[in-house]
Amino acid sequence: MTNVKRIGVLTSGGDCSGLNTAIRGVTFSAITKGWEVYGIHNATDGLFVRPMRYQKLTMADFTCPYATMGGTMLGTNNSGNAHIQERADGTIEELTDEELNQRFKDGIKELGLSALVVIGGDGSMAIVSKYCKMAGISMIGIPKTIDNDAPGTDMAIGFATAKSIVADALDKLDTTATSHNRVIVLEVMGRGAGHLALEAGIAGFADAILIPEVSYTYEGLRECLKKSRAEGRKHALVVVAEGVKTPDGKHSFATNGKTFGGISEYFATRLQADGFNVRANILGHIQRAGSPVVEDRLLASQFAVKAIELLAEGKDNRVVVHQNGQITDMDLNDVLKISNTPVDPNGEMVKTARSLGIYVGEK
Ligand code: F6P
């Protein structure tokens, strides 16, 4: 048992749907125990800037529509560079490692926090955990990512909602593809993992799904589309994860030059040259937006409750995870030993897709 009385909560990394539900869950569960909760703004940046940026969270903060909104009410940061901070007057200050450590420690002390709940990826958890150790407070992590490749957990917050957004987009694209007898190539997020493309592609009745984990040939894709056209199906939907490389092994990059993006254009151009009527669509950040579906609300609430339970039991450096239908927890160091979880090329989901006649690469 612990004497936790006041905790902090923050979101870190790219946003997704369900973060506000998780913040709500942490707040309600902690307040139910008689604790106080402080929401730290913009990941750990809220503790690094002066004056600090945070808010005391109460149950009243979560009246509709806040708990069901996409994004994160606390703000987040996925730039990975804490050394550059913006002052309140808009000027920039550069902080050394020592200054960051000191500000973190001072911030925690000033707010009187005995623990931090980090809603983010394992990379963020590893960084914040070091700061927490140094400041002498506990850390509990809650995994989120629409890519659903977080180590140690079968499900992460945001994936279910993103999947339904992609499936819904495919339903809509199907009507225009059918009207024009077109092939529509839909590019979805997924840098290194194709869970989103694969599961949403099956649910959205795609004809072909290309993911980073399964090799493909352009000819294989083209033949599958030709075959379905010969069978009388005049339109087709192709889903491609942004992390898929061209057959000669090149990534396409988005306008920022850092994140992947644009591979759909590659396939659209080649298929068009081969006689198909094609359009490419990049779904983009809409996949991380909108109200969370029930599955994400439930997962976020269960993760939040588990995080508070762990703190109440005096646990530290744990990550809440969903394994075989159960909410449980793992040591962060063990989570960090596991690499991100890609799609199993021989797994059930790929088999299901192929049994439905969907082209999922390999030849
Ligand atoms: O990791 C989640 C993710 O949504 C990826 O699928 C995508 O490549 C990336 O975030 C985009 O991040 P940003 O917000 O930097 O554009």
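Residues numbered from 1 in each chain as written. Predicted model: local features only at pLDDT ≥ 70, side-chain atom pairs only at ≥ 80, totals over all residues. Heavy atoms only, no water.

### Focus: the sheet that holds strand S3 (residues 54-57)
Pairing between the strands of a sheet comes from backbone hydrogen bonds, and it takes one of two forms, parallel or antiparallel.
Here is step 1 of the chain: One open sheet accounts for seven strands, arranged S3-S2-S1-S6-S7-S12-S13; its pairing is mixed. Two strands close off the open sheet at either side, each with one partner strand: S3 and strand S13 (326-331). Each strand of the sheet is rotated relative to its neighbour by a mean of 25°, with strand direction disregarded.
Here is step 2 of the chain: Two strands pair when backbone bridges link them, and strand S2 (residues 36-40) and S3 are joined in this way by four bridges, in the antiparallel orientation. Note on S3: the bridge partner recorded for Ile40 is Tyr54. (Pairing = 2+ DSSP bridges. Helix = DSSP H or I, 4+ residues; strand = E, 2+ residues; numbered from the N terminus. Axes fitted to C-alpha atoms, helices over the stretch in contact; angles between N-to-C directions.)

### Some details on the domain arrangement of the chain
Frequently, the measure chosen for interface size is the accessible area that the parts lose on association.
Here is step 1 of the chain: The assigned domain composition of the chain is domain 1 (6-157 + 292-323) and domain 2 (161-289 + 344-355).
Here is step 2 of the chain: Domain 1 and domain 2 are separated by 34 Å when their C-alpha centres are compared.
Here is step 3 of the chain: Tallying the contact residues gives 11 residues for domain 1 and 12 residues for domain 2.
Here is step 4 of the chain: Taken together, the two surfaces of domain 1 and domain 2 that pack against each other cover about 980 Å², and 50% of this comes from carbon and sulfur.
Here is step 5 of the chain: A salt bridge links Arg288 to Asp15; the shortest N-O distance between them is 2.9 Å.
Here is step 6 of the chain: For the pair domain 1 and domain 2, the interface holds four residue pairs in polar contact (both at pLDDT 80 or more).
Here is step 7 of the chain: Grouping the constituent residues of the side of domain 1 that touches domain 2 by class yields four nonpolar, three polar and four charged. (Domains from an automatic or database assignment. Contact = heavy atoms within 4.5 Å. Buried area = accessible area lost by both parts, 1.4 Å probe. Salt bridge = Lys/Arg side-chain N within 4 Å of Asp/Glu carboxyl O. Polar contact = N/O pair within 3.5 Å; in protein donor to acceptor, adjacent residues only side chain to side chain. Nonpolar A, V, L, I, M, F, W, Y, C, P; charged D, E, K, R; others polar.)

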